[in-house]
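The chain contents come next:
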Amino acid sequence: MQPEVMMKKKCISARKASLVLFLCQMISALDVPLDSKLLEELSQPPTITQQSPKDYIVDPRENIVIQCEAKGKPPPSFSWTRNGTHFDIDKDAQVTMKPNSGTLVINIMNGGKAEAYEGVYQCTARNERGAAISNNIVIRPSRSPLWTKEKLEPNQVREGDSLVLHCRPPVGLPPPIIFWMDNAFQRLPQSERVSQGLNGDLYFSNVQPEDTREDYICYARFNHTQTIQQKQPISVKVFSTRPVTERQPVLLTPTGSTSTKVELRGNVLLLECIAAGLPTPVIRWIKEGGELPANRTFFENFKKTLKIIDVSEADSGNYKCIARNTLGSAHHVISVTVKAAPYWITAPRNLVLSPGEDGTLICRANGNPKPSISWLANGVPIAIAPEDPSRKVDGDTIIFSHVQERSSAVYQCNASNEYGYLLANAFVNVLAEPPRILTPANKLYQVIADSPALLDCAYFGSPKPEIEWFKGVKGSILRGSEYIFHDNGTLEIPVAQKDSTGAYTCVARNKLGKTQNEVQLEIKDPTVIIKQPEYKVIQRYGQVSFECIIKHDSTLLPTVLWLKDNDELPDDERFLVGKDNLTIMNVTDKDDGTYTCIVNTTLDSVSASAVLTVVAAPPTPAIIYARPNPPFDLELTGQLERSVELSWIPGDENNSPITNFVIEYEDGLHEPGVWHYQTEVPGTQTTVQLKLSPYVNYSFRVIAVNEIGRSQPSEPSEQYLTKSANPDENPSNVQGIGSEPDNLVITWESLTGFQSNGPGLQYKVSWRQKDVDDEWTSVIVANVSKYIVSGTPTFVPYEIKVQALNDLGYAPEPSEVIGHSGEDLPMVAPGNVQVHVINSTLAKVHWDPVPLKTVRGHLQGYKVYYWKVQSLSRRSRRHIEKKILTFRGNKTFGMLPGLEPYSTYKLNVRVANGKGEGPASPDKVFRTPEGVPSSPSFLKITNPTLDSLTLEWGSPTHPNGVLTSYILKFQPINNTHELGPLVEIRIPANESSLILKNLNYSTRYKFYFNAQTSVGSGNQITEEAVTIMDEVQPLYPRIRNVTTAAAETYANISWEYEGPDHAHFYVEYGIAGSKEDWKKEIVNGSRSFFVLKGLTPGTTYKVRVGAEGLSGFRSSEDVFETGPAMASRQVDIATQGWFIGLMCAVALLILILLIVCFIRRNKGGKYPVKEKEDAHADPEIQPMKEDDGTFGEYSDAEDHKPLKKGSRTPSDRTVKKEDSDDSLVDYGEGVNGQFNEDGSFIGQYSGKKEKEPAEGNESSEAPSPVNAMNSFV
């Protein structure tokens, strides 16, 4: 047993209100650990460990040894009383006491007489802390007197008459064992006709000629003295008369029609009936109004003796024996009453207390009649024992308050009635001890990673020490949700990780001192099967191999075990076990099965299994197996009130032997057409004896079962209606629960018609208030399963019982259940509510429990209502949302997690029962301290120049306190993405922008920005920016203003790009907060938009845009969330008939317009291209070459000049078809582009476009209608 210190809570009922209030408080007691070294050092009152039995019968020829052994610290001394007075053993030379013991040895073998030492002895063991006493030991020498001489006349009996041969043995101590033998010392044969009674007499139900003999001898064996006494032989002569007259049964013993018997609880009840009659009667036993107890009832002496072991009060009642032969019957009723010597309900237990603590000794016993309780202190009646101000006696309870070391004593509780007594010693030991740690120093614990680790700190001290744990000798005290601290001192780490390895120190302290102990914890890697055995199909006589490759901690030694079908491998040389595999040679059919690889280390175990299937060449045509045919010719015979015999003829088994038959029955009286399971028998059996219930109209059918399945049911048998009888059982699931404060609702599960045993089923509902001397109140109801008792007090216990009855009588007496009347709302609010703020997000609330009597119901627990009143860092007030935490049971504290830092909260506490909640305690106000802020809401970098950048930011969404400053860190990044030196700037909290000067031109910088409170720094936000090379155009590219428009399973990504031509973009994305690698999608061409498809609905993603080329770079990250999954999707407009028709009409109009334009062109002659270009002021219109599909040069001399700063004019009005379906139909200006899910354009594109060569594979495609329109305008 692991040493531990435990807190015990007890609430003792008493007569006085003040005493009730005192006892319902917490009572603290110490358990002394079973540590041998500790027990040797602690003072302890005496405890009796061994004593002789209360009724001690001794052999008068041997020395008398009266045992009395006791332990204590210091070792106790012993004394004895005899017949209530001091027994001075020093004055009797025949009596000695064993050294270091209280055991007496009375020397009988050297001249002493056992009769002189008869009497009542009691042993007392005493030391400085009290005295313990033994039971009263009654010493009596055994006796084996001789048989009194008597003149025995020969017995002459007529054939067929009854006969009793009396034994009448001498009275001995203990009573002798009786048996009958002949002159040759052979036991006389016994049978249903001839048998020995409990009193030793030999009974003949009827005599036969072979009973004639002259040596019927009764023997008495006295076990204590190992002697046998013999009675004089008895002669019996049987004479015949013809014809022999048959007679109906007559009881030889007991006589009369009734008798009584009293037996004690726990003893063996023996009832006997022996009958005369010809033919020899058969005896049967029943209990009136009930059943003989199962598993405790036995029949002996050819069923003439009924034996019930371990009897209890429930076995009281009338037992009837019935003797029957072919001419009639006779019966006798024995009324049995079970009384009870005292037995313990709660025996007093030793109590170890600290000075100033409280405690109780409880002594509760029961019996019939109820025993009386008396107390002794150190063997003296407590009424005349020395006064102790800390002690108060209240019936079966002794209450101790503010004990001192002088309060140590041994108390005796005596419970007695007319059938016996119980005596128990229990000491009160008041100890003042400094703390001791019993766990061995430097104990090593080894645990598998991610498993619980339990570090012991078994301790003892008085008063009870407080336990604290530290990691390492000088580490800080362990606290937090990652640790569990058990009452016995054990530290539990629920999920031990690698970093949990190290030394842990346990410190125990009380007001008398402090001590500590260090233990070591090692975390090991788990054992893993990295290559598991796989399912195999192998032909007969082939070879198969299963792999089992493992990975384990290098300091652990694994062992590998192979099993077949969860059992050891066959002892066969064909099975070869390698280091990491199992090979089976020459496979046979019996190798078919499941093979399991089990890997064990000293700390863990893993396993993996695979199935081996052995197949053969295609077999010859298989035999057809089928379900059996149904049985037929059902016949009922031997009909009795409670049984009948059913027989049948099996149907064809169809090549699969019948394994069993299932018998079902139909109750045509209560449930016609419904078949129920009755029993089943082996397939070799075609008859069965069926047990029946009264008042049922039975029909039976039989179903045959083989390995293929079940047959169809047979045709039903003939019907058989059994007679009515009293109900055999009472309703089940009886409950008493009030629905209102002034009622009691009694419910039960009604009996079925099958269980009713007869017509007129009703229920007798009885109730009375518990622990009040009230009579039972009863009503009889029918056709219901509920009864409501009105006008009850609120929430008091009731004893309830429900008994079934029908027109023939009552069921057996039902057992009682305890229910309660209705609950009402609690009356009182918890008091003394205190809040302890642990940190900025966690607080602990304490309260005093309400008195149990004010709960007025079953205590469900306490509810803490709490809400935020105000955030101290923001003036705005939000909608008040109250939160509720429920703490089950009678807890008096709880933790409030998830609080917002730097806020004002209110809370109150309410007690709850099954009815609802009680009144709230007064609101308690508390504040949480400051915490670290969230990251700034945004960071923008604008206005890049040669040597400066402008930073703008937003304050944190959750300041969690008073902002003290902002911290800006930045460093340059070169073309190989290497970081330069880091510069840090502290910015006042009231600033929202900053111009950074003296920067290097044409340099990329990475910025880290976060806010601070007095507690510390919050999360940082990052951004990158580039200073320009000159005032005309930046040398290095830049991607900014990454925007997303997300739908359910896709998202449109767009961005702005500034930099050199021919940049190749890509989009990287992943799930926000995930550690997985970014997924990369290549953007076709140099477009500034892309559609991400195949996204998961309702998921938050992160995204960034990059460019590949001379200097690869990425934009800052953006976060978006896809829409939730929809139950049904909207209809795609592109698939609607009206939309298709409209598009066809538009296409037709465009075609007509094109034809008209071509006609006009052919009639109008030359088309003034140059004039049109001048009219549009666009120097870069490029006609299409017809030979290769590329754009020709049609411009003035300034075609190759760079665009001016800020120009947004597109360089090409053609639309190029890309390989992907994310094609851009047209380019516009001014706003960001937006796209449908299929990539079609629904907005305008914003950004600079340079000339792009058309792809060679597009040379065969016709120009788009838009280009054609541009050509003809």
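In this numbering scheme, every chain counts its residues from 1 along its sequence in written order. Local features in this predicted model are restricted to residues of pLDDT 70 or higher, and side-chain atom pairs are both shown and tallied only at a pLDDT of 80 or more, whereas totals for entire chains, interfaces and linings draw on every residue. As a rule here, side-chain values come from all non-hydrogen atoms in the structure, and water together with hydrogens is ignored.

## Details of unusual backbone geometry
- Here the bond from K73 into P74 is cis, since omega is 5°, no more than 30 degrees from zero.
- Along the chain, P74 turns up in the loop between β4 (68-73) and β5 (77-82).
- Positive phi outside glycine occurs at Y541, with the angle close to 75°.
- Numbering of helices and strands starts at the N terminus; helices are DSSP runs of H or I of at least 4 residues and strands are runs of E of at least 2. Note on placement: Y541 falls in the loop between β48 (536-539) and β49 (544-547).
- Classification of Y541 by relative accessible area gives exposed; the value is 59%. Exposed residues in this analysis have more than 50% of their type's maximum accessible area, buried residues have under 20%, and partly exposed residues fall in between, with area computed by a 1.4 Å probe over protein chains only.

## A look at the pattern of salt bridges
- In what follows, salt bridge is the name for a side-chain nitrogen of Lys or Arg lying within 4 Å of a carboxyl oxygen of Asp or Glu. Under the criterion given, the structure shown has 40 salt bridges.
- The salt bridge involving D88 is made with K91; its shortest N-O contact spans 4.0 Å.
- Note on K91: relative accessible area 73%, which makes it exposed.
- The partner of K564 in a salt bridge is D565, and the shortest N-O contact between them spans 3.2 Å.
- Since its relative accessible area comes to 42%, D565 is described here as partly exposed.
- When salt bridges that share partners are traced, they join R158, D161 and R247 into one network.

## Side note on a negative patch on the surface
- Patches here are clusters of residues that have more than 30% relative accessible area and form no salt bridge, with a 9 Å joining cutoff for like charges and a 5 Å cutoff for nonpolar side chains (Val, Leu, Ile, Met, Phe, Trp, Tyr). What sets the accessible areas is the Shrake-Rupley method with a 1.4 Å probe; for residues, cover comes only from the shown protein chains. Here Asp and Glu are counted as negative and Lys and Arg as positive; His is not counted, and neither are the chain ends. Throughout, a charge is located at the NZ atom of Lys, the CZ atom of Arg, the CG atom of Asp or the CD atom of Glu. A cluster of acidic residues, D633, E635, E645 and E718, forms a negative patch at the surface.
- On the accessibility criterion, E645 (32% relative accessible area) is partly exposed.

## Thoughts on the sheet that holds strand β84 (residues 1004-1012)
- Being paired, for any two strands, means DSSP has found at least two bridges between them. If you trace the four strands from one edge of the open sheet to the other, you get β82-β81-β84-β85, paired in antiparallel fashion. On the outer flanks of this sheet lie β82 (983-988) and β85 (1021-1026), each paired with one strand and no other. Neighbour-to-neighbour, the strand axes of this sheet turn through a mean angle of 25°, independent of strand direction. Each axis is a line fitted through C-alpha atoms, and for a helix only the stretch in contact is used; angles between axes span 0 to 180 degrees, taken between their N-to-C directions.

## Observations concerning the packing of aromatic side chains
- Working definition: rings of Phe, Tyr and Trp (its six-membered ring) pair if their centres are within 6.5 Å, and the pair is stacked with planes under 30 degrees apart, edge-to-face with planes over 60 apart, and tilted otherwise. Counted under the stated rule, the structure contains 25 aromatic pairs.
- Ring centres 6.4 Å apart and planes at 40° place the aromatic pair Y483 and F485 in the tilted group.
- Classification of Y483 as buried rests on a relative accessible area of 17%.
- Residue classification places F485 among the partly exposed positions, given a relative accessible area of 39%.
- Residues W748 and Y763 carry aromatic rings whose centres are separated by 5.6 Å and whose planes lie at 55° to one another, so their mutual orientation is tilted. Of this pair, W748 sits in strand β65 (residues 743-749) while Y763 sits in strand β66 (residues 762-769), and the two are 15 residues apart along the sequence. The same class applies to W748 as to Y763, namely buried.
- Taken together, the aromatic side chains of Y665, Y698, F700 and F754 make up a single cluster linked through ring pairs.
- Just above the ring of Y343 sits the side chain of R265; from NZ or CZ to the centre is 3.6 Å.
- Our definition puts a charge over a ring when NZ of Lys or CZ of Arg is within 6 Å of the ring centre and also within 35 degrees of the ring normal. The positively charged end of K536 is found above the aromatic ring belonging to F546, 5.4 Å away from the centroid.

## A short note on the nonpolar core
- For our purposes a nonpolar core is just a set of buried Ala, Val, Leu, Ile, Met, Phe, Trp, Tyr and Cys residues, chained together by side-chain atoms within 4.5 Å. Membership of the largest hydrophobic core comes to 30 residues, with the highest contact counts inside it found for I64, I66, W80, I106, Y121 and I139.
- Contributions of two or more residues to this core are made by β2 (55-58), β3 (64-66), β4, β5, β8 (104-106), β9 (119-127) and β11 (137-141).
- Working rule for contacts: check all heavy atoms of both residues, and any pair within 4.5 Å makes them a contact. Contact partners of I106, with chain neighbours within four places excluded, come to N63, I64, I66, Q94, V95, Y117 and Y121.

## Quick notes on the state of the cysteines
- For the purposes of this analysis, a disulfide is any pair of cysteine sulfur atoms at a distance within 2.5 Å. With the rule as written, the count across this model stands at six disulfides.
- Here C457 is linked by a disulfide to C506, with a sulfur-sulfur distance of 1.8 Å. Residues C457 and C506 are joined by a disulfide whose S-S torsion is about -55°; by sign, that bridge is left-handed. Within this pair, whereas C457 is found in the loop between β40 (453-455) and β41 (459-462), its partner C506 is found in strand β45 (residues 502-510), the two being separated by 49 residues in sequence.
- On the accessibility criterion, C457 (1% relative accessible area) is buried.

## As for the pairing of strand β25 (residues 297-300)
- Here β25 runs beside strand β26 (residues 305-308); their pairing, made up of four bridges, is antiparallel. Pairing of F299 across the sheet is with L306, part of β26.

## Focus: the confidence of the model for the protein chain
- For the protein chain, the average pLDDT comes to 84, and 84% of its residues sit at 70 or higher.
- Residue-level confidence of the predictor, termed pLDDT, takes values from 0 up to 100. The model gives residues 1031-1035 a pLDDT under 50, and that stretch makes nine contacts with residues more than four places away or in other chains.
- Low pLDDT, under 50, characterises residues 1165-1273; the predicted model gives this stretch 140 contacts beyond four residues in sequence or across chains.

## Here we look at the side chain of D553
- Tracing the sequence through the fold places D553 in the loop between β50 (549-551) and β51 (559-564).
- A polar contact of 2.7 Å, which involves the side chain of D553, links it to the backbone nitrogen of D525.
- Apart from the residues lying within four places of it in its own chain, the contact partners of D553 are K498, K524 and D525. Under this definition, polar contacts are N or O atom pairs within 3.5 Å; protein pairs additionally need one hydrogen-donor-capable and one acceptor-capable atom, and for neighbouring residues in sequence, both atoms have to be side-chain atoms.

## Concerning the environment of G367
- Its location among the elements puts G367 in strand β31 (residues 364-368).
- Residue G367 is classed as buried on the basis of its relative accessible area, which comes to 13%.
- Separated by 23 residues in sequence, G367 and W344 have C-alpha atoms that sit 8.8 Å apart.
- Not counting residues up to four positions away in its chain, the partners in contact with G367 are A340, A341, Y343 and N417.

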